[in-house]
Amino acid sequence: MKRVFKFAVQILKKNFAALLFFELSFRALTAVFLLRTGQWILDRLLEYQGYSYLTADNYERFMKHPLTALTILLLVLLTLLALLFESCAVLRGFEKGWKKERTTLPAMIREGCAGSIAVIRQFPLKWILYMAGAAPFLMLHLCLWEISRGKLAAVSLQKLSQVIPVPVLAGIFSAAFLLSMLWSFHLPQCLLRLESRKNFRGKRNRSEIAGALLVQILVFALVLVLFLAAIAVMTAGVRFGRGQGSQVSAVLIYGGWIRQASGIAAGGLGVTASLLYVYVLFAGSEKTERPVPRIFRKLPREGQSRPERKQGMAGLLTALILALESLLVLTAIGDSVPDKTLGGSGVAVTAHRGGARFAPENTLSAMETAVEALADYAEIDVQETKDGEIVLLHDTNLKRVTGLNANIWELSYQEVSQLDAGIKFHKKFRGEKIPTLSQVLEYCRGKIRLNIELKYNGHNGQIVPKVVKIIEEYGGQDTCVITSMNYGYLEQVKALNPQIATGYTLSMVYGNLSEMKAADFFSVKYTYLNAAFVRRAHALGKEVCAWTLNYQGDIQKMLDCGVDNIITDDPELVRRVILGELDLQPSYWDLMEYALR
């Protein structure tokens, strides 16, 4: 392995700058393309299928639509084409280094285009198979980064795990990666020599396979080290370079940018390092009679190749390309920059499930806690019992709260009222009951406003008219808002009583806000919120509520983004952050902790 590393260094030494500039420009361009074009494509698909927004409620139907499947297939083909271009450019850059010849960024772009065209002409359909087979190995780190960000890829994986057991899924992914690794050993021959894989049947020995795995581990370690170093430097700059009151929010925002940059770096390093490893094996064995690579050969002697012509023009083009890429990246990330710092004096505070940190959730004790904490709203979840009573409950099953393994629609209210809602929380709350919506409205009248979330479970078709009727009976049209992840519920509320404010609860933020006519505001998971989303909502005259925030840094970030309401398990903490009563200049290590969260 030491000799492999030695030869790799000698190959890189000649054209390291060109390879670095190429990966920087290519990764920046593809990242911006995915961010901008991907959002546009998703919006058009939602519009065509009649959805205003992609939510947990319509996700499966959206993904199963034939047009969605066709679009995904086209995007996969486009991704494979981009991987083919990158692989051809990088491999030809390595070959230049092997022959002790210099290359440049413009030359690598030309080589990538010419190589891709040659491969497609030689293998009109097989090129798709070649790149698809190599993709899991080459793009491992990029895929892991996408999943770790908790966005659409993570949601898709979570949905898939509900169909296929996690151990089975892990086994499938591991097998796919190992097969892809073996497949990738033949990639240089296919892309550089245009020879079909079937003409090369060399076997891989254990040391070569172990080396390929080690390369992946080293890439992960290198990216992690670079990420931690960047976070440390950024935190120091914020700690000693910014004024009081904005430091926590700043490290969260800048930390997000560093995470994105680390993902781009992981993708570029993963592909480059993997291709470099397989190229060293290929180059060392190409002129031998045995198919098994012999990598322990001397590099070709220093040739007398003439220098690249028009070096000045190549340098100018490189600078121009990098400048344009930088402008695109800065434009893309500019939307996430808040317009103000440490704002939020008029932000409302909502106690999540009434105050779930200090009392059993969705109980009268939780309502008392929310009132004592001076929260503006208490957020509660309501469902329907077997006999049609509206009660407070978040889960469809009662086990987590009461210990009874039964669904709410299987029990009458008489049975539900006998359960202990405090048994799982603390002994001082033993005997706490699951209240009805009427009981909660009676207690909260004149004390606190309510955010009533309607839960959809497939067994509560009459929940909307019943909740609206109860609110009207207690005169709560001006003190209660109704939210739901089921947009149809909001439309029903507006049809029954337009005076009641409604909010659309979103765990994802993909779609067209202007189409949400039945929503007066948006209640969005805070990890999906940024200043750009808030500005779009405010431009439409709609407020934004962020859920569920329990840490100072996250709260300050949402305040800086301009949200109108914060849902939290700790209303007092949010109020103290809003009023600036907490430490406005935390220590370096406190800021590091926020940045790494």
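Remember, predicted model here, so these are calculated numbers, not experimental data. (Residues numbered from 1 in each chain as written. Predicted model: local features only at pLDDT ≥ 70, side-chain atom pairs only at ≥ 80, totals over all residues. Heavy atoms only, no water.)

**Section: the overall build of the chain**
Regarding its fold elements, the chain presents 22 helices and eleven strands. Out of the 597 residues in the chain, the part that is buried amounts to 49%. Within the chain, contacts between residues at least 6 apart in sequence are counted, and of these 68% link residues at least 24 apart. Of the roughly 28,900 Å² that the chain leaves accessible, carbon and sulfur atoms contribute 60%. (Helix = DSSP H or I, 4+ residues; strand = E, 2+ residues; numbered from the N terminus. Buried < 20%, exposed > 50% of the residue type's maximum accessible area, 1.4 Å probe, protein only. Contact = heavy atoms within 4.5 Å. Areas by Shrake-Rupley, 256 points an atom, 1.4 Å probe, with all protein chains shown as cover.)

**Details of the packing of aromatic side chains**
Summed over all chains, the structure comprises 16 aromatic pairs. Between Trp98 and Tyr279, the ring centres sit 6.3 Å apart and the planes meet at 85 degrees, which makes this aromatic pair edge-to-face. One end of the pair, Trp98, is in helix 3 (residues 66-98); the other, Tyr279, is in helix 11 (residues 247-285), with 181 residues separating them in the sequence. The buried category is assigned to Trp98, whose relative accessible area is 11%. Tyr279 gets classed as buried once you look at its relative accessible area, which sits at 1%. Ring centres of Phe522 and Phe533 lie 6.2 Å apart, and the angle between their planes is 70 degrees; this geometry places the pair in the edge-to-face category. (Phe/Tyr/Trp six-rings, centres within 6.5 Å; stacked < 30°, edge-to-face > 60°.)

**What to know about helix 17 (residues 463-473)**
Listed as buried for helix 17 are Ile463, Val464, Val467, Val468, Ile470 and Ile471. Looking straight down helix 17, one finds its buried side chains confined to an arc of 160 degrees; they lie on one side. In helix 17, the exposed positions that point more than 90 degrees away from the buried face belong to Lys469 and Glu473. Just beyond helix 17, the residue with positive phi is Gly475, at close to 65 degrees. (Arc of directions from axis to C-beta.)

**A short note on the nonpolar core**
Where a protein is soluble and globular, its nonpolar side chains tend to be buried together. With 54 residues, the main nonpolar core has Phe94, Leu138 and Tyr279 as its most contacted residues. The biggest single contributor to this core is helix 11, with eleven residues. Residues in contact with Phe94, not counting those within four places in the same chain, are Ile11, Leu12, Leu19, Thr272, Leu275, Leu276 and Tyr279. (Core = buried A, V, L, I, M, F, W, Y, C linked by side-chain atoms within 4.5 Å.)

**Topic: a nonpolar patch on the surface**
Judged by side-chain polarity, Phe33, Leu34, Leu75, Leu78 and Leu81 come together as a nonpolar surface patch covering roughly 420 Å² of accessible area. Elements with a minimum of two residues in the nonpolar patch: helix 1 (2-48) and helix 3. Position of Leu34 among the secondary structure elements: in helix 1. Owing to a relative accessible area of 56%, Leu34 belongs among the exposed residues under this scheme. (Patch = residues over 30% accessible without salt bridge, like charges linked within 9 Å, V, L, I, M, F, W, Y side chains within 5 Å. Salt bridge = Lys/Arg side-chain N within 4 Å of Asp/Glu carboxyl O.)

**Overview of helix 3**
A rise of 1.5 Å per residue sets the reference length of helix 3, with its 33 residues, at 48 Å; its end C-alpha atoms lie 47 Å apart and thus fit the reference within 8%. Two residues or fewer past helix 3, Lys100 is found with a positive phi of approximately 60 degrees. (Expected span 1.5 Å × (residues − 1).)

**Here's the deal with unusual backbone geometry**
With an omega dihedral of -20 degrees, the bond running from Trp547 to Thr548 counts as a cis peptide bond. Mapped onto the elements of the fold, Thr548 is located in the loop between strand 10 (543-547) and helix 20 (552-561). The backbone of Arg353 sits at a positive phi, close to 55 degrees, despite the residue not being glycine. Take Arg353: it is sitting in the loop between strand 2 (348-351) and helix 13 (364-372). Positioned with a positive phi, Asn362 is a non-glycine residue whose angle comes to about 55 degrees. Position of Asn362 relative to the elements: it lies in the loop between strand 2 and helix 13. What makes Asn362 buried here is its relative accessible area of 3%.

**Concerning the packing of helix 3 against helix 5 (residues 126-138)**
Two measures define how a pair of helices packs: the angle their axes make with one another and the distance between the axes. The geometry of helix 3 relative to helix 5 is characterised by a closest axis approach of 9 Å and an angle of 80 degrees between their N-to-C directions. By the criterion of interaxial angle, the relationship of helix 3 to helix 5 is roughly perpendicular. In this structure, helix 3 contributes Leu77, Leu80, Leu81, Leu83, Leu84 and Ser87 to the contact, and helix 5 contributes Trp127, Ile128, Met131, Ala132, Ala135 and Leu138. (Axes fitted to C-alpha atoms, helices over the stretch in contact; angles between N-to-C directions. Parallel < 35°, antiparallel > 145°, perpendicular 65-115°, else oblique.)

**Looking at the pairing of strand 3 (residues 377-384)**
The buried fraction of strand 3 amounts to eight of the eight residues, a majority that puts the element mostly inside the structure. Burial along strand 3 is two-sided: Tyr377, Glu379, Asp381 and Gln383 facing one way and Ala378, Ile380, Val382 and Glu384 facing the other are all buried. For strand 2 and strand 3, the ladder comprises two bridges, and the chain directions are parallel. Looking at strand 3, one finds that Thr350 is bridged to Tyr377. In terms of strand pairing, strand 3 meets strand 5 (residues 449-454) through six bridges, oriented parallel. Residue Val382 lies in a different strand from strand 5, and its bridge partner there is Leu454. Sheet analysis places strand 3 next to strand 4 (residues 390-392), joined by three bridges and oriented antiparallel. (Pairing = 2+ DSSP bridges.)

**Re the confidence of the model for the chain**
Atomic detail in the predicted coordinates should be set aside for any region of low pLDDT. Taken residue by residue, the chain gives an average pLDDT of 82. The fraction at 70 or more is 82%. Residue range residues 288-309 is modelled with pLDDT below 50. Its contacts to residues more than four positions away, or to other chains, number 39 contacts. Throughout residues 335-343 the model reports pLDDT below 50, and contacts reaching past four residues in sequence, or to other chains, amount to 28 contacts. (pLDDT = per-residue confidence, 0-100.)

**Examining the pairing of strand 10**
Judged by how many residues are buried, strand 10 sits mostly within the fold: four of five residues are covered. Pairing geometry for strand 9 (residues 521-525) and strand 10, over five bridges, is parallel. Bridged to Phe521 within strand 10 is Glu543. Considered for its hand, the β-α-β crossover made up of strand 9, helix 19 (residues 531-539) and strand 10 is right-handed. Sheet topology note: the strand 10/strand 11 (residues 565-568) ladder contains two bridges and is parallel. For Ala546, the partnering residue across the bridge sits in strand 11 and is Ile566. (Right-handed = clockwise from strand over helix to strand, strands pointing away.)

**Concerning the pattern of salt bridges**
Within this structure, the stated rule accounts for 15 salt bridges. Where Arg357 meets Asp570, a salt bridge forms, and the shortest distance between an N and an O atom there is 3.6 Å. Placement of the pair is Arg357 in the loop between strand 2 and helix 13 and Asp570 in the loop between strand 11 and helix 21 (571-579), with a sequence separation of 213 residues. Asp570 sits in the buried class, given a relative accessible area of 12%. The residue Glu453 makes a salt bridge to Lys455 at a minimum N-O spacing of 3.3 Å. Judged by relative accessible area, Lys455 falls into the buried class, the value being 16%. One continuous salt-bridge network, built from bridges that share partners, spans Arg353, Glu361, Asp395 and Arg400.

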